[in-house]
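Observations on the model geometry
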Amino acid sequence: QVQLVESGGGLVQAGGSLRLSCVASGRTFSSFPMGWFRQAPGKDREFVAAITFSGHSTYADSVKGRFAISRDNAKNTVYLQMNSLKPEDTADYYCAAVLSRGPALYTDDFAYDYWGQGTQVTVSS
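Our subject in this report is the structure included herewith. (Residues numbered from 1 in each chain as written. Predicted model: local features only at pLDDT ≥ 70, side-chain atom pairs only at ≥ 80, totals over all residues. Heavy atoms only, no water.)

1. A word on the overall build of the protein chain
Going by this rule: Each helix corresponds to a stretch of at least 4 residues labelled H or I by DSSP, and each strand to a stretch of at least 2 residues labelled E; elements are numbered beginning at the N terminus. Radius of gyration: over C-alpha atoms. The globule rule applied is 2.2 Å multiplied by the number of residues raised to the 0.38 power. Summary of the burial criterion: residues with accessible area below 20% of their type's maximum are buried, those above 50% are exposed, and those between are partly exposed, where the area comes from a 1.4 Å probe applied to protein chains only.
The secondary structure content of the protein chain amounts to zero helices and 11 strands. Each helix and strand of the protein chain, placed in order from N terminus to C terminus, yields the pattern β-β-β-β-β-β-β-β-β-β-β. Relative to its length of 125 residues, the protein chain is compact, with a C-alpha radius of gyration of 13 Å against a globular reference of 14 Å. Once the C-alpha set of the protein chain is aligned to its principal axes, its extents read approximately 40 × 25 × 25 Å. In the protein chain, buried positions account for 43% of the 125 residues.

2. A look at the sheet that holds strand β3 (residues 18-25)
Heads up, the rule is: At least two bridges found by DSSP between two strands are what make those strands a pair. Lines fitted to C-alpha atoms define the axes here, with helix axes fitted over just the stretch in contact, and angles between the N-to-C directions of these axes take values from 0 to 180 degrees.
An order of β1-β3-β8-β7 is seen for the four strands of this open sheet, with the pairing classed as antiparallel. Of all the strands in the sheet, the pair left with one neighbour each is β1 (3-7) and β7 (67-72). The average angle at which neighbouring strand axes cross in this sheet is 15°, direction not considered. Bridge count between β1 and β3: five bridges; the pairing is antiparallel. Of the residues in β3, the one forming a bridge with V5 is V23.

3. Focus on the pattern of salt bridges
Any two side chains of opposite charge can pair if their charged atoms end up close together. Condition: Every case where a carboxyl oxygen of Asp or Glu lies within 4 Å of a side-chain nitrogen of Lys or Arg is listed as a salt bridge.
Per the counting criterion, the structure on display carries five salt bridges. Note that R38 and D89 form a salt bridge whose closest N and O atoms lie 2.9 Å from each other. With R38 in strand β4 (residues 34-39) and D89 in the loop between β8 (77-82) and β9 (91-97), the pair connects residues that are 51 residues apart, well separated along the chain. Note that D109 and R45 form a salt bridge whose closest N and O atoms lie 3.3 Å from each other. One end of the pair, D109, is in the loop between β9 and β10 (114-115); the other, R45, is in the loop between β4 and β5 (46-51), with 64 residues separating them in the sequence. For D109, a relative accessible area of 29% translates into the label partly exposed. In this structure, a network of salt bridges that share partners links the residues R38, E46, R66 and D89.

4. Some words on the side chain of R38
Under the convention used in this document: Pairing of N or O atoms within 3.5 Å defines a polar contact, subject to two protein rules: one partner must be a possible hydrogen donor and the other a possible acceptor, and residues neighboring in sequence count only if both atoms are side-chain atoms.
On the basis of relative accessible area, R38 is assigned to the buried category, the value being 5%. A polar atom in the side chain of R38 sits 3.5 Å from the side chain of S62.

Encoded structure:
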């Protein structure tokens, strides 16, 4: 079992920044591929960013150049630094972990085995 707890969401003006954190517990964190997803009201959940245990990353086109995913394996934590935020970034953000597959970058939510409870991000115009 893996428990994931996100934090760092909040209300920010357009153009501002937030850093989300996701702390993992229950298993050896350093071996998990991790990802961030988001879901806006009335919309499907969508991929945001993913990172391998060694730090390779990939991003959705909508956030490329503005968001950065990173991880600190010693702290069992994955981060999502969000810069130049836009109103369309408003959503609940979820971190997720892959345990049942190999080391790779996963962009489909069905690949992820464990999910956090989410943290809300609201960007005002």
